[in-house]
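What follows is each chain in one-letter form.
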Amino acid sequence: MNTEERKHKFMEPVPDNLSDYCHKEGLPSYREGQILEWIWKKKALDPLSMSNLPTSVREDLREKIYLPEIEKMNKSGDKTVKYKVKFWDKNEAETVLIKEGGRTTVCVSTGIGCPYGCLFCATGGMGFVRQLTPYEIAVQVLLAASAGKANPTNVVLMGMGEPFYDYKGAMAACDMINDKRMLGIGQRKITVSTAGVVPGILFLAKSAKQYKLAVSLNASNDTDRKKIMPVARKWTLSALMDAVKQYTDITNKKVTFEYVLIKGFNDGPSDARKLSELLDGVLCKVNLIPYNRAEKGFERPEPAILLRFQEALKKEGVEVTTRFSKGEDIQAACGQLFTGKQKKMR
């Protein structure tokens, strides 16, 4: 069986598909709700455990439902857990479960590799095979929650890949995560992070959804940004900031700018000054992320430089925090996700 045949043999267990399945199999409509509850609420990954369904239905579902598999798990000293998830075409992506205070956040991937290749990011060196389907994005939350025996409170589309490479697909994935019949996580608890894909930002702005937006900025001018983020060659800072302002004007919500601090590149006083000028008048906050080693030849600035940069932004009235990523010891921190070279579909 080739990969395309395998793909079409299995069913993604989402409401529309299960409704069609029940209709075709002559099952009463309430079976759809039972199956959804077993999978998405009770986290029953084996249909044979769905005790209120007829045995014949359970056995049939076991043959037909498409559930990606957790291939490997790594646990950090800070209790962060990284899962390597294998999909129908044998390609893999990584999902991270982060527990902090009263929050349990699942960081999901949206692609097998990434189409934009940021130089400071390990995923960027993998190349790009394909975008994950909305279901493949959403089901990572289910898999991590089931394996980690956790009830996620927050979801971030910040793993491998660029969500807005397929912005309609990203929104469909968020809708599944939010759907009360499925994971039921509130819209304001779901964040989409983009490298700066302008059409996606505008699509989210006009969608009337409450999903949060994070933008990976990492430089205060086009020249430097293009050096480390190829996406900047297509959408300049001017175009990006125009889109962000439209987003904040339409939604009246803050955008979060992620700024990876790289030693000797974007961490100087002039960088902080230019960044504060760029963000002047924008409804936003800034997350400073000290570079996480990803075998890219970059280094993290010293603590004194981090503090100086943060204080310089604060002095100019910018809302800013420094975020030290969890899971660095297992290569699960921001910019470290990597599964090696993947296989193209045939």
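Thresholds applied
Residues numbered from 1 in each chain as written. Predicted model: local features only at pLDDT ≥ 70, side-chain atom pairs only at ≥ 80, totals over all residues. Heavy atoms only, no water. Helix = DSSP H or I, 4+ residues; strand = E, 2+ residues; numbered from the N terminus. Rg over C-alpha atoms; globule rule 2.2 N^0.38 Å. Buried < 20%, exposed > 50% of the residue type's maximum accessible area, 1.4 Å probe, protein only. Contact = heavy atoms within 4.5 Å. Areas by Shrake-Rupley, 256 points an atom, 1.4 Å probe, with all protein chains shown as cover. Salt bridge = Lys/Arg side-chain N within 4 Å of Asp/Glu carboxyl O. Pairing = 2+ DSSP bridges. Axes fitted to C-alpha atoms, helices over the stretch in contact; angles between N-to-C directions. Parallel < 35°, antiparallel > 145°, perpendicular 65-115°, else oblique. Left-handed = near helix turned anticlockwise from the far one by under 90°.

1. Considering the overall build of the chain
Within the chain one finds eleven helices and twelve strands. Against the globule reference of 20 Å for 346 residues, the chain gives a C-alpha radius of gyration of 21 Å, in line with a compact fold. Along the three orthogonal principal directions, the C-alpha set of the chain runs to about 70 × 40 × 40 Å. In the chain, buried positions account for 54% of the 346 residues. Long-range contacts, defined as pairs at least 24 residues apart, comprise 66% of the intrachain contacts of the chain with a sequence gap of at least 6. For the chain, the accessible area works out to roughly 15,800 Å², and carbon and sulfur atoms hold 48% of it.

2. Re unusual backbone geometry
Its identity as a non-glycine residue notwithstanding, lysine 149 has a phi of 50°, on the positive side. Here lysine 149 lies in the loop between helix H5 (134-147) and strand E7 (154-157). Positive phi outside glycine occurs at glutamine 331, with the angle close to 60°. Take glutamine 331: it is sitting in the segment after strand E12 (320-322).

3. Considerations on the pattern of salt bridges
In this structure the tally under the stated criterion is 16 salt bridges. In this structure, the salt-bridge partner of arginine 62 is aspartate 46, at a minimum N-O distance of 3.2 Å. Residue arginine 62 is found in helix H4 (residues 55-64), and its partner aspartate 46 is found in the loop between helix H3 (30-41) and H4; the two are separated by 16 residues along the sequence. We classify aspartate 46 as partly exposed; its relative accessible area is 30%. A salt bridge links lysine 64 to aspartate 60; the nearest nitrogen and oxygen atoms lie 3.2 Å apart. Taken together, the residues lysine 64 and aspartate 60, both in helix H4 and four residues apart, mark about one turn of the helix. With a relative accessible area of 21%, aspartate 60 lands in the partly exposed category. Overlapping salt bridges bring together Glu25, Asp60 and Lys64 as one network.

4. Brief notes about the environment of alanine 205
With respect to the secondary-structure elements, alanine 205 resides in helix H7 (residues 198-205). Spatially, the C-alpha atoms of alanine 205 and valine 286 are 19 Å apart, while their sequence positions differ by 81 residues. Once residues within four sequence positions are removed from consideration, alanine 205 is found in contact with Tyr247, Ile250 and Thr251.

5. Quick look at the pairing of strand E4 (residues 103-107)
Most of E4 sits inside the fold, with four of its five residues counted as buried. With antiparallel pairing between neighbouring strands as the criterion, strand E3 (residues 92-100) and E4 make up a hairpin whose turn holds two residues, including glycine 101 at a positive phi of roughly 60°. Here E4 pairs with E7 via three bridges, running parallel. Note that in E7 the partner of threonine 105 across the bridge is asparagine 154.

6. Some details on the packing of helix H6 (residues 167-178) against H7
The interhelical angle for the contact between H6 and H7, taken along N-to-C directions, is 40°, at an axis separation of 9 Å. Relative to H7, the element H6 is oriented oblique. Of the two elements, H6 crosses H7, and the hand of that crossing is right-handed. Mapping the contact onto sequence places Tyr167, Lys168 and Met171 in H6 and Pro199, Gly200, Phe203 and Leu204 in H7.

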